[in-house]
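Structural overview for review
Chain by chain, the residues:
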Amino acid sequence: MDYKNAGVDIEAGYRSVELMKEHVKKTMREEVLGGLGGFSGAFSLAKIKEMDEPVLLSGTDGCGTKVKLAMILDKHDTIGIDAVAMCVNDIACAGGEPLFFLDYIACGKNEPEKIAEIVKGVADGCLQSGAALIGGETAEHPGLMAEDEYDLAGFAVGVCDKKDMITGENLKPGDVLIGMASSGIHSNGFSLVRKVFSMKREALDTYYDSLGCTLGEALLAPTRIYVKALKSIKDAGVTVKACSHITGGGFYENVPRMLKEGTRAVIKKDSYPIPPIFNMLSVDGDVEEHMMYNTFNMGLGMVLAVDEADVDRAMEAIRAAGEAPYVVGSIAEGEKGVDLC
């Protein structure tokens, strides 16, 4: 008896590392010390000393049951973008710059080519956010997971000068809400999605004119990463007063998190285009409107508040970063919460 007969292939692990090295290398920043394969990832904090009062920000998350879609469709090169996005967007909406990311892949059986594809997506997400992929872990779990199954999660660390943190403390009635378009469902609500739509390969490969792609392609579209857009706003000299990453819990849970007491967000539902996948979900699943807005991003991945005088500059900066912005509402006096009208 040996470890391989017990279900863990050490040689496959070595091959996975070799295959992923080319992807990891693309994400390196000058602050990264050492290379892939050490017991820990090292990152120099020398530049942070230039800040008045540096604050470290962190985020950890996974892709939820969206990974089930990747497994059914046998497409593994974008799910890593989702894992990165879920972490770095949280850091960015607090005003931080993501510095580095680590991934964790648990699998029933280590298939090196598949693992390398997953890590390619992680590296792509890191490139989009400017974070270095400085380490990770691939854990083989025979007997705990089926051989063809895996799960993916990650952890990111960022930094921000305390004076530049986005806290909502200066929010006031009359401030304008700007939403940045999502790519679709992103990485939340997939347990409901999988109840509404058939998860058979034939159904997922069906093309829909309304979607402009197959159902599977629409569902698997990777989460948008808004790090560069928020940096572009800052570089344009605009202060983001408050910001919310629209993830699990949709509008009703996430928008209030950016508000201070005595302020209320008013969002106009017809102020931006809602991707057709959401209408399909609502109709096919008979999901009522409140539940849709309480579960999904409904086409807005990030909502931020700026002073009315800064709206045009903020919109221009967002477009310059390649994102689509919409004026979606405003801040009013009232009990902390959100009104959708």
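Looking at an unreviewed UniProt entry, the chain carries the name Phosphoribosylformylglycinamidine cyclo-ligase, with the source organism given as Candidatus Mediterraneibacter tabaqchaliae. In its Sequence similarities (unreviewed entry) section, the UniProt record describing the chain reads: "Belongs to the AIR synthase family." As its UniProt record puts it under Catalytic activity (unreviewed entry), the chain is described as follows: "2-formamido-N(1)-(5-O-phospho-beta-D-ribosyl)acetamidine + ATP = 5-amino-1-(5-phospho-beta-D-ribosyl)imidazole + ADP + phosphate + H(+)".

1. Things to note about the overall build of the chain
Counting its secondary structure elements, the chain contains 12 helices and 14 strands. Its C-alpha radius of gyration of 21 Å places the chain within 12% of the 20 Å reference for a compact globule of 341 residues. Seen along its three principal axes, the alpha-carbon backbone of the chain occupies a region of about 70 × 55 × 30 Å. For the chain, the residues scored as buried account for 51% of the 341 residues in total. Nonlocal contacts in the chain, meaning residues at least 24 apart in sequence, comprise 85% of its contacts between residues at least 6 apart. Averaging the locations of the 34 positively and 52 negatively charged side chains of the chain gives two centres separated by 2 Å.

2. Describing the environment of F155
Relative to the helices and strands, F155 is located in strand β6 (residues 150-161). Placed 124 residues apart in sequence, F155 and E31 show a C-alpha to C-alpha distance of 18 Å. When residues no more than four places from it in sequence are discounted, the contact partners of F155 are S58, G59, T60, C87, F100, F101 and L102.

3. Focus on the pattern of salt bridges
Summed over the entire model, instances satisfying the criterion amount to 24 salt bridges. Of the charged contacts, one joins R201 and D205 as a salt bridge, the two residues approaching to 2.9 Å between their closest N and O atoms. Here K241 ties to D307 by a salt bridge, and the two come within 3.8 Å at their closest N and O atoms. One end of the pair, K241, is in the loop between α8 (227-235) and β10 (242-245); the other, D307, is in the loop between β12 (300-306) and α12 (311-320), with 66 residues separating them in the sequence. Here the salt bridges do not stand alone but share partners, grouping K172, D175, K241 and D307 into one network.

4. Considerations on unusual backbone geometry
Unlike most non-glycine residues, D74 shows phi in positive territory, near 55°. Structurally, D74 is set in the loop between α2 (66-73) and α3 (79-92). By relative accessible area, which is 55% here, D74 ends up exposed. The backbone phi angle of H186 is positive, close to 60°, even though this residue is not glycine. Among the structural elements, H186 can be located in the loop between β7 (176-181) and α5 (190-196).

5. Describing the sheet that holds strand β4 (residues 97-107)
Spatially, β3-β6-β4-β5 is the arrangement adopted by the four strands of the open sheet, whose pairing is mixed. At either margin of the open sheet sits one strand with a lone partner, and together these are β3 (54-62) and β5 (132-140). Here the strands of the sheet are splayed against their neighbours by 15° on average, with no regard to which way each runs. Bridge count for β3 against β6 is nine bridges, and the pairing is antiparallel. Looking across to β6, one finds that P54 is bridged to D161.

6. A closer look at the UniProt feature "domain: PurM-like N-terminal" (unreviewed entry) in the chain
Using the residue numbers shown here, the UniProt feature "domain: PurM-like N-terminal" (unreviewed entry) corresponds to residues 55-159. Along residues 55-159 the backbone is 38% helical and 36% strand, and the end-to-end C-alpha distance reaches 6 Å.

7. Details of the packing of aromatic side chains
For any pair of aromatic rings, the description rests on two quantities: the centre-to-centre distance and the angle between the ring planes. This structure, assessed with the given rule, holds three aromatic pairs. Considering the side-chain rings of F278 and F296, the 6.1 Å spacing of their centres and the 55° angle between planes classify their relative orientation as tilted. With a gap of 18 residues between them, F278 in helix α10 (residues 276-285) and F296 in the loop between α11 (289-293) and β12 connect regions that are remote in the sequence. Summarising the burial analysis for this pair, F278 and F296 share the class buried.

8. A word on the environment of V159
Residue position: V159 is located in strand β6. As a C-alpha pair, V159 and P98 span 61 residues in sequence and 6.6 Å in three-dimensional space. In this structure V159 touches I48, M51, P54, V55, L56, G96, E97 and L99, once residues within four positions along its chain are discounted.

9. Re the pairing of strand β11 (residues 263-267)
Residues of β11 alternate between two faces, with T263, A265 and I267 buried on one and R264 and V266 left unburied on the opposite face. As defined by bridge partners, β11 adjoins strand β13 (residues 325-333) across five bridges and the pair is classed as antiparallel. Bridge pairing in β13 links R264 to A332. As judged from the four bridges shared by β11 and strand β14 (residues 337-340), these two strands associate in the parallel manner. Looking at the pairing, R264 lines up with G337 of β14.

10. Points about the nonpolar core
Among the nonpolar cores identified, the biggest contains 94 residues, and F197, L219, F251 and I277 are the most heavily contacted of them. Ranked by residues supplied to this core, first place goes to α3 with nine residues. Those residues in contact with F197, other than ones at most four positions away along the chain, are L215, L219, I277, M280, L281 and D284. Residues I48, A132, I134 and V159 belong to the second largest nonpolar core, which totals nine residues.

Rules and cut-offs
Position numbers for residues count from 1 along each chain, tracking the sequence in the order it is written. Local features in a predicted model are, by the rule used here, given only for residues with pLDDT of at least 70; side-chain atom pairs are given and counted only at 80 or more, and totals for whole chains, interfaces and linings are based on all residues. Side-chain figures throughout are based on the complete set of non-hydrogen atoms in the structure, without hydrogens or water. UniProt positions are given in the numbering used here, feature names are shortened, and annotations may be inferred rather than shown by experiment. Comment: elements are numbered from the N terminus, with helices defined as DSSP H or I runs of at least four residues and strands as E runs of at least two. C-alpha atoms define the radius of gyration in this analysis, and the globule rule sets the expected value at 2.2 Å times the number of residues to the power 0.38. Burial classes: relative accessible area under 20% of the type maximum marks a residue as buried, over 50% as exposed, and values in between as partly exposed (1.4 Å probe, protein chains only). Here a residue-residue contact requires only that any non-hydrogen atoms of the pair lie within 4.5 Å. Under this rule, positive means Lys or Arg and negative means Asp or Glu; His and the chain ends count for nothing. Just so you know, the charge point we use is NZ for Lys, CZ for Arg, CG for Asp and CD for Glu. The working definition used for a salt bridge is a side-chain nitrogen of Lys or Arg within 4 Å of a carboxyl oxygen of Asp or Glu. A pair of strands is considered paired only if DSSP assigns at least 2 bridges between the two. Axes here refer to lines fitted to C-alpha atoms; in helices the fit is confined to the stretch in contact. Angles between the N-to-C directions go from 0 to 180 degrees. Between the rings of Phe, Tyr and Trp (Trp by its six-membered ring), a pair exists once the centres lie within 6.5 Å; its type follows the angle of the planes, with under 30 degrees stacked, over 60 edge-to-face, and the other angles tilted. Only buried Ala, Val, Leu, Ile, Met, Phe, Trp, Tyr and Cys residues count toward a nonpolar core, and they belong to the same one when joined by side-chain atoms within 4.5 Å.

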